[in-house]
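# Fold and geometry: a report
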Amino acid sequence: MPPQDTPGPARPGPPAAVCVGESMAVLLPDRPGPLEAVDTFRLSVGGAESNVAGALAALGVPTAWISRVGDDGFGRRLVAEVAARGVDVSAVAVDPHRPTGLYLKEVGGSTGHHHDLGPGRSRLHYHRRGSAAAALSPALLDDPTAARLLAGARLLHLSGITAALSDDCLALLRALLTDPRASHPDTPKSPHNPTRPTNPTSPDTPKTPNARTSPRRLVSFDLNWRPALWRDRDPAVLPPLLDAADVLLLGADEAEAAFGTGNPAVLRRRFPSPATIVVKDAARAVTALGRDGSAVTEPALAVEVVEATGAGDAFAAGYLAGTLRGLDQRRRLRLGHLSAACALTAHGDQAELPPAPVVAALLDAAPAAWAATRVTASAISSPALDSRASRTAPDRTTPDPTTPDRSRTTPSGAR
């Protein structure tokens, strides 16, 4: 592969990608069992859009994250950690009245306690109602810093989580998705979607980039179905949002829950406007379906899982980074799988990819060699790599005893 196609740390410069959405403080238990039996929690941070932003930055894509946090210690910790991943946080607003969102993770075990979830099971408990990020609104487009970042972005990444937070958040997504934008090379105009101008050079289309139009901007949207967030809201608002994107990312299980089907072909018909729909079938495979009828399926890698959180966001980042680099569809899917695999073999929501030569060899591997590749916390083994290269996977910590192992990747992820 050409040198410009290999991943690496984000280079200084204006962000090529912008991710918009809420992130929260996270309390992680020190051992399995119901919350009432846990004495100590470890503070971390998490959130789908900031996870994607951090993973994109790790893949060499200069990226910004736009959101709101409270004027509190959780908010300061959150912004500092996202910034430490190489992400531009200059447009993150601090709300003096609303708190930073928070969630707790409960991990099942074999404690015998009546409320223990059981081995291999976990549950997230959200405390985000009325959070600072829930006040995101179309007013964001008038903020000079946010407007500058949006105007210069080649990629805008959004998710369905934001739509569930508040009416103002829903209005912001609608504004970002319906504002005119010039088409990306991978995004042919669609008669089904009036949000894309039929003639980008017409007098009705602004020629000067601003917060509402960016040359060649690609808009990606990840469903990120969270049933708990929709208990008091109408999920019928989601389909028009999804159909207004250029790249639509769907977990098959999530789509089944939200729309009654996880079948890629049916979903392609359900959402005719996006240039590409990517359907992630958990640990088995991911299929990318074009509007022209093309379909490419790539199997997931075999992975020795340390922690599943963040895998879906890592897959999205890998796929989108490959899209921005102009990789073919199969290599985009493979970069997504590899990014997800590295997240699965590390603690937390972020992970480091192996050196660029290893990534390049895996993206170019023959189908049989790709299928025989295995990723663990200490190494990547594959017939596509020589014995020296297979040992150059990044160092990772030992598995957390509170986290169950799984044998395959789960690209659809969880938050």
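All residue numbers here refer to positions counted from 1 along the written sequence of the relevant chain. Whole-chain, interface and lining totals are the exception, using all residues; otherwise, since this is a predicted model, local features are given only for residues with pLDDT of at least 70 and side-chain atom pairs are given and counted only at 80 or more. The basis for every side-chain value is the complete set of non-hydrogen atoms in the structure, without hydrogens or water.

Moving on to the nonpolar core. Only buried residues count toward a nonpolar core. Its members are Ala, Val, Leu, Ile, Met, Phe, Trp, Tyr and Cys residues joined through side-chain atoms within 4.5 Å. Burial classes follow relative accessibility: with a 1.4 Å probe on protein chains only, a residue under 20% of its type's maximum area counts as buried, one over 50% as exposed, and anything between as partly exposed. Leu56, Trp65, Val278, Tyr319, Leu333 and Leu335 are the most contacted members of the largest nonpolar core, which totals 56 residues. A per-element tally of this core places helix α9 (residues 311-324) first, with eight residues. The next biggest cluster of nonpolar side chains, apart from the first, holds 49 residues, and it includes Leu156, Leu176, Leu229 and Phe271. Under the scheme used here, helices are H or I runs from DSSP no shorter than 4 residues and strands are E runs no shorter than 2 residues, and both carry numbers assigned from the N terminus.

Stacked, tilted and edge-to-face are the three classes applied to pairs of Phe, Tyr and Trp rings, where Trp contributes its six-membered ring and a pair requires centres within 6.5 Å; stacked means planes under 30 degrees apart, edge-to-face means over 60, and tilted covers the rest. Applying the stated criterion across every chain yields a total of four aromatic pairs. Consider the rings of Tyr103 and Tyr126, whose centres lie 5.4 Å apart with planes at 50°: the pair is tilted. Residue Tyr103 is located in strand β7 (residues 102-107), and its partner Tyr126 is located in strand β8 (residues 122-127); the two are separated by 23 residues in the primary sequence. Exposure remark for Tyr103: the relative accessible area of 3% places this residue in the buried category. On the numbers, 6.5 Å between centres and 15° between planes, the contact of Phe315 with Tyr319 is stacked. Of this pair, Phe315 and Tyr319 both sit in helix α9, separated by four residues, roughly a single helical turn. A single burial state applies to Phe315 and to Tyr319, both of which are buried.

Bringing the sheet that holds strand β3 (residues 41-46) into the picture now. One bridge is not enough; two strands pair if DSSP finds at least two bridges between them. What the four strands build is an open sheet, ordered β3-β2-β7-β8; its pairing is mixed. The outermost strands of the open sheet, each flanked by one partner alone, are β3 and β8. Taking each pair of neighbouring strands and ignoring which way they run, the sheet shows an average axis angle of 25°. When β7 meets β8, the two strands line up antiparallel, connected through six bridges. Within β8, the position partnered with Glu106 by the bridge is Arg123. Two residues form a contact once any of their heavy atoms are found within 4.5 Å. To get an axis, fit a line to the C-alpha atoms, keeping to the stretch in contact for a helix; angles then go from 0 to 180 degrees between the N-to-C directions. This element, helix α2 (residues 73-84), spans β2 (24-29), β3 and β7 of the sheet and lies at about 60° to β3.

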